[in-house]
Amino acid sequence: MTDQLQLQTLLAASARKDEQAFAKLYSLASANLYAVAMRILKKEAAAQDALQEAFVQIWHRAIDFHSDKGSPMAWMATIVRYRSLDILRKQKRLVNVEDIDLEQMDKELGPLGKLLESDMAQELWICLQELNDKQRNAILMAFYEGLTHDELAERTATALGTIKSWIRRGLQSVKGCLER
Amino acid sequence: MKYQDPELRQALAAEYVLGTLQGRARRRFEKLASEDARLRQIISSWEQKLGSLSEGVVPVDVPEHVWASIQKRLGFDLMPKARSGMLSTFWNSLMLWRSLATVATIALMFAAYLNLFAPKLVVNQYIAVLQTEQQQASWLIKSDLQNKRMIVHIVNEQTIPIGKAFELWMIKEGDKPISLGLISPDKQLNLPLSDELLDKIKQANVMAVSIEPAGGSPTGQPTGPVPYTGKVTQL
């Protein structure tokens, strides 16, 4: 498990244009971040492009990271997700959404311990448990796989309007729960 | 669109971060956020909340050419491949350190450099150059047994997260680390050494710096990561 504090120190050094620190940051974080891109893009070449774009951006934006912006891994992963989503939308999705195996996804996410690295992740996970299964799954599939509303509707054989409302209300509940 | 409606702003920000806000709506929202600091804060708050989900993924090995491309894009000097796999424990990093043959050489080089500026030849000194795993020197610790002082020279300024402190340790192989106190990331220190500590320094093999809560380790032993280590060399 990668130490968040060490990542934070390395990000701070990268902000001062310390190339060695950035190399270390890459060696510690890239496998996790590549996994994030792979989940969304499913294709190695595309995921590698996303990772490359993201790290270029992380180097330039390292100065923007502060520990009050959450965990360094979450911050970097957000950058990777946005780049992955950009690439995904530019290319026609080549993977049939039917192929995405929700059970496999749950298995890969593994026991709670895997997720519970930062305080925020722990709180979020608890709040996600308060949602009903359908709402939670829709949110997790959108997050991890980059599915659109339409794709989610297709994948879960649910009306588009219902999907939209699951996600909107689900996110609202999560926010309410986190603020309690 | 009524973009000032607080609920709508929250909902759009959340779906932007989740990724379900797409296409033209996504671009429009990005443009809006670029001109609206409050909206950027809302987005950032959602990024913190949902972003933590990414911590749960199972890592996938990245082919080496990706890092080469990134270095090329950023115009880095070609450097040795980033070491994969982290040495997280204290003792592991010491083991690594012992295996580095360059250590003594670097320490002596620095000592020679410093002695250029010292009018009298000082003997009976113990020095340690603390380095990162990438062998970037950060501090030079000079223990002067004659004058009973320890001088902490800055070789490269380091950065420490808010609320944390660097703590210096000396270690004799097989024994528990002994704290030499907190050191500054960017200021030279000149500290008195007790006879007891002087004795211990003579026997120490390694010095190391750990990251501790502000005020130092609460347990008297290193509790955080140990990013810097260096072998103790007698001059």
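Before reading on, note that the structure itself is shown above.
Okay, so let's go over this structure. Worth saying up front: this structure is predicted, and the values here are computed from it rather than measured. (Residues numbered from 1 in each chain as written. Chains lettered and ligands numbered in written order. Predicted model: local features only at pLDDT ≥ 70, side-chain atom pairs only at ≥ 80, totals over all residues. Heavy atoms only, no water.)

### Points about the overall build of chain A
Here is step 1 of the chain: A count of helices and strands for chain A gives 10 helices and 0 strands.
Here is step 2 of the chain: Written out in order from the N terminus, the α and β elements of chain A read α-α-α-α-α-α-α-α-α-α.
Here is step 3 of the chain: The 180 residues of chain A split such that 58% are buried.
Here is step 4 of the chain: Pairs at least 24 residues apart make up 66% of the contacts formed inside chain A by residues separated by at least 6 positions.
Here is step 5 of the chain: For chain A, the accessible area works out to roughly 7700 Å², and carbon and sulfur atoms hold 48% of it. (Helix = DSSP H or I, 4+ residues; strand = E, 2+ residues; numbered from the N terminus. Buried < 20%, exposed > 50% of the residue type's maximum accessible area, 1.4 Å probe, protein only. Contact = heavy atoms within 4.5 Å. Areas by Shrake-Rupley, 256 points an atom, 1.4 Å probe, with all protein chains shown as cover.)

### A short note on the pairing of strand S4 (residues 164-171) of chain B
Residue and element names in this part refer to chain B.
Here is step 1 of the chain: Of all 8 residues making up S4, 7 are buried, and the element is well covered by its neighbours.
Here is step 2 of the chain: With 8 bridges joining them, S4 and strand S7 (residues 206-213) adopt antiparallel strand pairing. Residue pairing for S7: Lys-164 is matched across the bridge by Pro-213.
Here is step 3 of the chain: Between S4 and strand S5 (residues 178-183), which pair antiparallel one after the other, the connecting turn spans 6 residues, and Gly-174 there sits at a positive phi close to 90°. (Pairing = 2+ DSSP bridges.)

### A look at the environment of Met73(A)
Here is step 1 of the chain: Structurally, Met73(A) is set in helix H4 (residues 72-90).
Here is step 2 of the chain: Setting aside anything within four residues of it in sequence, one finds Met73(A) in contact with Gln4(A), Leu7(A), Ala29(A), Asn32(A), Leu33(A) and Glu55(B).

### Section: the state of the cysteines
Throughout this description, disulfide means a covalent bond between two cysteine sulfur atoms.
All names here are of chain A.
Here is step 1 of the chain: Here the structure, examined in full by the defined rule, presents 1 disulfide over all chains.
Here is step 2 of the chain: Covalent S-S linkage joins Cys-127 and Cys-177, the inter-sulfur distance amounting to 2.0 Å. The sign of the -80° torsion about the S-S bond sets the Cys-127-Cys-177 disulfide as left-handed. Of this pair, Cys-127 sits in helix H7 (residues 119-129) while Cys-177 sits in helix H10 (residues 160-179), placing them 50 residues apart in sequence.
Here is step 3 of the chain: Here Cys-127 falls in the buried class, since its relative accessible area comes to 5%.
Here is step 4 of the chain: On the accessibility criterion, Cys-177 (9% relative accessible area) is buried. (Disulfide = S-S within 2.5 Å.)

### Some details on the pattern of salt bridges
All names here are of chain A.
Here is step 1 of the chain: Using the criterion set out here, one finds 17 salt bridges over all chains in the structure.
Here is step 2 of the chain: Arg-180 is paired through a salt bridge with Glu-130; the nearest N and O atoms lie 2.8 Å apart. With Arg-180 in the segment after H10 and Glu-130 in the loop between H7 and helix H8 (133-145), this pair connects stretches of sequence that are 50 residues apart.
Here is step 3 of the chain: Accessibility expressed as a relative area gives 68% for Arg-180, which makes it exposed. (Salt bridge = Lys/Arg side-chain N within 4 Å of Asp/Glu carboxyl O.)

### Some details on the pairing of S7(B)
A regular strand places its side chains on the two faces of the sheet in alternate fashion.
Residues and elements named next belong to chain B.
Here is step 1 of the chain: For S7, the tally of buried residues reaches 7 of 8 residues, placing the bulk of the element in the interior.
Here is step 2 of the chain: Where S7 and strand S8 (residues 228-234) come together, 4 bridges link them in antiparallel fashion. Looking across to S8, one finds that Ala-208 is bridged to Thr-229.

### Notes on the packing of aromatic side chains
Here is step 1 of the chain: Overall, the coordinates contain 15 aromatic pairs over all chains when judged by the stated rule.
Here is step 2 of the chain: Taking 5.9 Å as the distance between ring centres and 80° as the angle between the ring planes, the aromatic pair formed by Phe22(A) and Phe76(B) counts as edge-to-face. Of this pair, Phe22(A) sits in helix H2 (residues 19-41) while Phe76(B) sits in the loop between helix H4 (64-74) and helix H5 (90-98), each in a different chain.
Here is step 3 of the chain: Between Phe166(B) and Tyr228(B), the ring centres sit 5.6 Å apart and the planes meet at 80°, which makes this aromatic pair edge-to-face. Pair noted here: Phe166(B) is in strand S4 and Tyr228(B) is in strand S8, with a separation of 62 residues, a long-range link. Tyr228(B) carries the same exposure label as Phe166(B), and that label is buried.
Here is step 4 of the chain: Each residue in the set Phe22(A), Tyr26(A), Phe55(A), Trp59(A), Trp67(B) and Phe76(B) is aromatic and connected to the rest through ring pairs, giving one cluster.
Here is step 5 of the chain: Directly above the aromatic system of Trp59(A) lies the positively charged group of Lys17(A), at a separation of 4.5 Å from the ring centroid. (Phe/Tyr/Trp six-rings, centres within 6.5 Å; stacked < 30°, edge-to-face > 60°. Lys NZ or Arg CZ within 6 Å of the ring centre and 35° of its normal.)

### Some points on the sheet that holds S8(B)
Residue and element names in this part refer to chain B.
Here is step 1 of the chain: The 8 strands lie next to each other as S5-S4-S7-S8-S1-S2-S3-S6, forming an open sheet whose pairing is antiparallel. Each having just a single partner strand, S5 and strand S6 (189-192) make up the two edges of the open sheet. Each neighbouring strand pair of the sheet contributes to a mean axis angle of 25°, computed without reference to strand direction.
Here is step 2 of the chain: Pairing between strand S1 (residues 125-131) and S8: 4 bridges, direction antiparallel. Each residue of the ladder has a partner; that of Tyr-126, found in S8, is Gln-234.
Here is step 3 of the chain: Packing of helix H7 (residues 195-203) onto the sheet brings it into contact with S1, strand S2 (137-144), S4, S5, S7 and S8, and relative to S5 it is tilted by some 105°. (Axes fitted to C-alpha atoms, helices over the stretch in contact; angles between N-to-C directions.)

### Things to note about the interface of chain B and chain A
Here is step 1 of the chain: In this complex, chain B contributes 57 residues to the contact, which on the side of chain A involves 73 residues.
Here is step 2 of the chain: Note on chain B versus chain A: buried area summed over both sides is about 5900 Å², and carbon and sulfur give 64% of it.
Here is step 3 of the chain: On inspection of chain B and its partner chain A, the count reaches 3 salt bridges.
Here is step 4 of the chain: For Arg73(B), the salt bridge is made with Glu53(A), and the minimal N-O distance between the two is 3.4 Å.
Here is step 5 of the chain: The tally of links from chain B across to chain A stands at 13 residue pairs in polar contact (both at pLDDT 80 or more).
Here is step 6 of the chain: For the side of chain B that touches chain A, the secondary-structure elements that each account for two or more residues are helix H1 (6-18), helix H2 (23-34), helix H3 (37-51) and H4 of chain B.
Here is step 7 of the chain: Of the residues belonging to the side of chain B that touches chain A, the class tally is 26 nonpolar, 17 polar and 14 charged. (Buried area = accessible area lost by both parts, 1.4 Å probe. Polar contact = N/O pair within 3.5 Å; in protein donor to acceptor, adjacent residues only side chain to side chain. Nonpolar A, V, L, I, M, F, W, Y, C, P; charged D, E, K, R; others polar.)

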